[in-house]
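This is what each chain is made of:
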Amino acid sequence: MAKFLIVEARFYEHLNDLLIEGAVAALEDEGHKYEVVTVPGALEIPGAVALAAESGRYDGFIAIGVVIRGETYHFEVVSNESARGLMALSMDGIPIGNGILTVENEAQALTRAKKDEKDKGGEAAKAAIAMLALREKFSA
């Protein structure tokens, strides 16, 4: 049994609730423990993961958030930089599942967040679990 930290950018609460529901179900199905921490936005997720990883209290991480395209360039900055930050951490061997949705509209987000549809929260948790297993395999 491993302990995971779900790091959520709680901007769209109803969408995050759906993503977290999927992530929690996937973790519990495999018998893992978890905690949830909230950060202001998607750009803060990689920093929170880095801080938590340094603590040594968690075996893996799940990033949860929703970025919906608006009228400005901000969408690209948030989408690209949050993904870049998570990728950099994963390249350092930190098991992370990226469940940050980057979508055009709320309808797309709902489809991807709902557990009975695309279940991207559950997929992110499964990715984190898989990456932890891979790290353990290569550490042995």
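Before any of the text, the structure's been laid out above.
Predicted model, so just to flag it, every value in this text is computed and none were measured.

Rules and cut-offs
Residues numbered from 1 in each chain as written. Predicted model: local features only at pLDDT ≥ 70, side-chain atom pairs only at ≥ 80, totals over all residues. Heavy atoms only, no water. Helix = DSSP H or I, 4+ residues; strand = E, 2+ residues; numbered from the N terminus. Buried < 20%, exposed > 50% of the residue type's maximum accessible area, 1.4 Å probe, protein only. Pairing = 2+ DSSP bridges. Right-handed = clockwise from strand over helix to strand, strands pointing away. Axes fitted to C-alpha atoms, helices over the stretch in contact; angles between N-to-C directions. Contact = heavy atoms within 4.5 Å. Parallel < 35°, antiparallel > 145°, perpendicular 65-115°, else oblique. Nonpolar A, V, L, I, M, F, W, Y, C, P; charged D, E, K, R; others polar. Phe/Tyr/Trp six-rings, centres within 6.5 Å; stacked < 30°, edge-to-face > 60°.

A. How the structure looks around the environment of Ala128. With respect to the helices and strands, the residue Ala128 is situated in helix H5 (residues 120–139). For Ala128, a relative accessible area of 0% puts it in the buried group. The sequence separation of Ala128 and Leu27 amounts to 101 residues, and the corresponding C-alpha distance is 9.6 Å.

B. Looking closely at the pairing of strand E4 (residues 96–103). Buried residues dominate E4, accounting for 6 of its 8 residues. Note that strand E3 (residues 60–68) and E4 share 8 bridges and pair parallel. In the strand pairing of E4, Ile68 is matched with Val103. On the question of chirality, the crossover connecting E3 to the parallel E4 by way of helix H3 (residues 74–91) is right-handed.

C. Structural view of the sheet that holds E3. Reading across the sheet, the 4 strands line up as E2-E1-E3-E4 and stay open at both edges, with parallel pairing between neighbours. With partners counted over all chains shown, the strands left at the sheet margins are strand E2 (33–39) and E4, one partner each. Within the sheet, the average angular offset between the axes of one strand and its neighbour, ignoring direction, is 15°. Direction of pairing for strand E1 (residues 3–9) relative to E3: parallel, over a ladder of 5 bridges. By the bridge assignment, Val7 is partnered in E3 with Ala63. Each of E1, E2, E3 and E4 is contacted by helix H1 (residues 13–29), which is oriented at about 155° to E3, the strand it contacts most. Lying on the sheet, H3 is in contact with E3 and E4; it crosses E4 at an angle near 170°.

D. Local environment of the packing of helix H2 (residues 45–55) against H3. Relative to each other, H2 and H3 sit at 20°, their axes nearing to 8 Å. Here H3 runs roughly parallel to H2, going by the angle between their axes. Mapping the contact onto sequence places Ile45, Pro46, Val49 and Ala50 in H2 and Ser82, Gly85, Leu86 and Leu89 in H3. Taken together, the residues of the contact of H2 with H3 sort by class into 6 nonpolar, 2 polar and no charged.

E. Broad picture of the packing of aromatic side chains. Summed over all chains, the structure comprises 2 aromatic pairs. Ring centres of Phe11 and Tyr12 lie 5.0 Å apart, and the angle between their planes is 75°; this geometry places the pair in the edge-to-face category. Among the residues examined, Tyr12 registers a relative accessible area of 23% and is labelled partly exposed.

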